[in-house]
Amino acid sequence: MSVVDKINKDRLPNHIAIIMDGNGRWAKQRGTQRIFGHRNGVSSVRSAIEASAELGVKFLTLYAFSTENWNRPKIEIDALMGLLINTINTETETLLKNNISLKTIGDSDSLPKAVQKKLNEVIQKTSECNGLTVILALSYSSRWEITNAVKCIMNDFSKGKIKPENIDEDTFSKYLNTSGIPDPELMIRTSGEFRISNFLMWQLAYTELYFTPVLWPDFNKEELYKAIVDFQKRERRFGKISEQL
Ligand code: FPP
């Protein structure tokens, strides 16, 4: 029996977010270059997208490149950007065929022009798709996102468009990159690290966290199903007590 049969289809997380970690260690274990791990990580990206679409999950956010990742060696950054372009080139048709739209969050202006162009193309092409939405976090960090939101609020304030007394949590959320996207119910981090690493810090306030030692290139559909089954065992109280639920 596959783990998928244990999933209650009526209680699926609407939005799953993943910190895809461990590509470098996976490559090192095999005595190969880090980029070999990233290349194999692309198959896991495909599996996670496919499994989410098949189950009927509505949003999947993947942390593909953090603001801090700009500090990696240039050769690795260039390889990751190249991999991104190649993957988009080979996968766009599949996205369209499966009614999957692509969005990004993060400081897209800091990405190489060729990457920006490719992303805009696929975002535009898939904009009418209304099945799964895949959100790539690229040059993303929560501190950047929150600081950026404050700048935008200040800008609107100076134009008289917003007053301090009108700012509540909902208003603030609208200034984040994830405006219009529901908060994740489940956040998965692979590779045995127990950190949030500047990922969706506002949005994860009540998210269930799932950590697995599996390295990202080994993360297949079964591993995603396991995370969902674990999520479905949890009682989500949102500050209330069990009897109130
Ligand atoms: C973390 O592993 C992984 C990344 C920083 C990049 C993730 C990229 C991919 C899976 C491939 C391209 C993605 C798309 C969406 C096409 P790490 O390098 O931090 O591993 P380590 O912690 O073992 O060194």
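Look up: the structure comes first, before these words.
The structure contained in this document is the topic of the report that follows. Source: prediction; values computed, not measured. (Residues numbered from 1 in each chain as written. Predicted model: local features only at pLDDT ≥ 70, side-chain atom pairs only at ≥ 80, totals over all residues. Heavy atoms only, no water.)

1. Examining the packing of aromatic side chains
In plain terms, the rule: Ring pairs are drawn from Phe, Tyr and Trp, using the six-membered ring of Trp, whenever the two centres fall within 6.5 Å, and their geometry is named by plane angle: stacked under 30 degrees, edge-to-face over 60, tilted for the rest. Only runs of H or I of at least four residues qualify as helices and only runs of E of at least two qualify as strands under DSSP, and these elements are numbered from the N terminus.
Inspection of the entire model under this criterion finds eight aromatic pairs. Measuring from ring centre to ring centre gives 4.7 Å for F65 and W70, while their planes differ by 70°; the resulting arrangement is edge-to-face. Here the aromatic rings of F172 and W202 are separated by 4.8 Å at their centres, their planes lie at 45°, and the arrangement is tilted. In this pair, F172 sits in helix α6 (residues 169–174) while W202 sits in the loop between β5 (186–189) and β6 (208–211), placing the two residues 30 residues apart along the sequence.

2. Considerations on the pattern of salt bridges
Just so we agree on the cut-off: Any carboxyl oxygen of Asp or Glu that lies within 4 Å of a side-chain nitrogen of Lys or Arg is treated as forming a salt bridge with it. The rule is simple: take the accessible area with a 1.4 Å probe, protein chains only, and divide by the maximum for that residue type; under 20% is buried, over 50% is exposed, in between is partly exposed.
Under the definition given, this model contains 14 salt bridges. Residues E76 and R34 are paired through a salt bridge, measuring 2.7 Å at the closest nitrogen-oxygen approach. Residue E76 is located in helix α3 (residues 74–97), and its partner R34 is located in helix α2 (residues 34–55); the two are separated by 42 residues in the primary sequence. Note on R34: relative accessible area 37%, which makes it partly exposed. Since its relative accessible area comes to 7%, E76 is described here as buried. Salt bridges sharing common partners tie together D21, R25, R189, E193 and R195.

3. Re the site of the ligand
Convention followed: Being near a molecule or strand, for a residue, comes down to having at least one heavy atom within 4 Å of it. Two N or O atoms count as a polar contact when they lie within 3.5 Å, although within protein this holds only if one can serve as hydrogen donor and the other as acceptor, and sequence-adjacent residues are included solely when both atoms are side-chain atoms.
In the neighbourhood of the ligand, 18 residues make up the surrounding shell, with D21, G24, R25, R34 and R72 lying closest. The contact in question runs from an oxygen atom of the ligand to an N or O atom on the backbone of N23, over 3.1 Å. At a separation of 2.8 Å, an oxygen atom of the ligand approaches a polar side-chain atom of R72. Taken together, the elements giving at least two residues each to the shell around the ligand come down to α1 (23–29), α2 and α3.

4. Considerations on unusual backbone geometry
Backbone geometry at N99 places phi at a positive 60°, although glycine is not the residue there. Here N99 is to be found in the loop between α3 and β3 (101–105). Its relative accessible area of 30% is what places N99 among the partly exposed residues. Backbone geometry at L200 places phi at a positive 45°, although glycine is not the residue there. On the secondary structure map, L200 appears in the loop between β5 and β6. For L200, a relative accessible area of 2% puts it in the buried group.

5. A few points about helix α4 (residues 113–125)
Test applied: One fewer than the residue count of a helix, multiplied by 1.5 Å, yields its expected span. By definition, the arc is the one covered by directions from the helix axis to the C-beta atoms. Working rule for contacts: check all heavy atoms of both residues, and any pair within 4.5 Å makes them a contact.
Between its terminal C-alpha atoms α4 stretches 18 Å, which fits the 18 Å expected from 13 residues at 1.5 Å a residue. All of the buried residues along α4 are V115, Q116, K118, L119 and V122. The buried residues of α4 occupy one face: seen down the axis, they fall within an arc of 165°. Opposite the packed face of α4, turned more than 90 degrees from it, sit the exposed residues K113, K117 and Q124. Buried-residue contacts for α4 involve α3, β3 and β4 (133–140).

6. Observations concerning the sheet that holds strand β2 (residues 59–66)
Selection criterion: Strands qualify as paired when DSSP identifies two bridges or more between them. Only the contacting stretch of a helix is used when fitting its axis, a line to C-alpha atoms as for every element, and angles between N-to-C directions run 0 to 180 degrees.
As summarised here, the arrangement of the six strands in space is β3-β4-β2-β1-β5-β6, forming an open sheet in which the pairing is parallel. Of all strands in the sheet, those bounded by a partner on one side alone are β3 and β6. Strand after strand, the sheet turns through a mean of 20° between neighbouring axes, direction not considered. For β5 and β6, the ladder comprises four bridges, and the chain directions are parallel. For L186, the partnering residue across the bridge sits in β6 and is E208. Across the sheet, helix α7 (residues 221–232) is in contact with β1 (15–19), β5 and β6; its angle to β5 comes to roughly 135°.

Without other data, these values stay purely geometric and don't point to any function.
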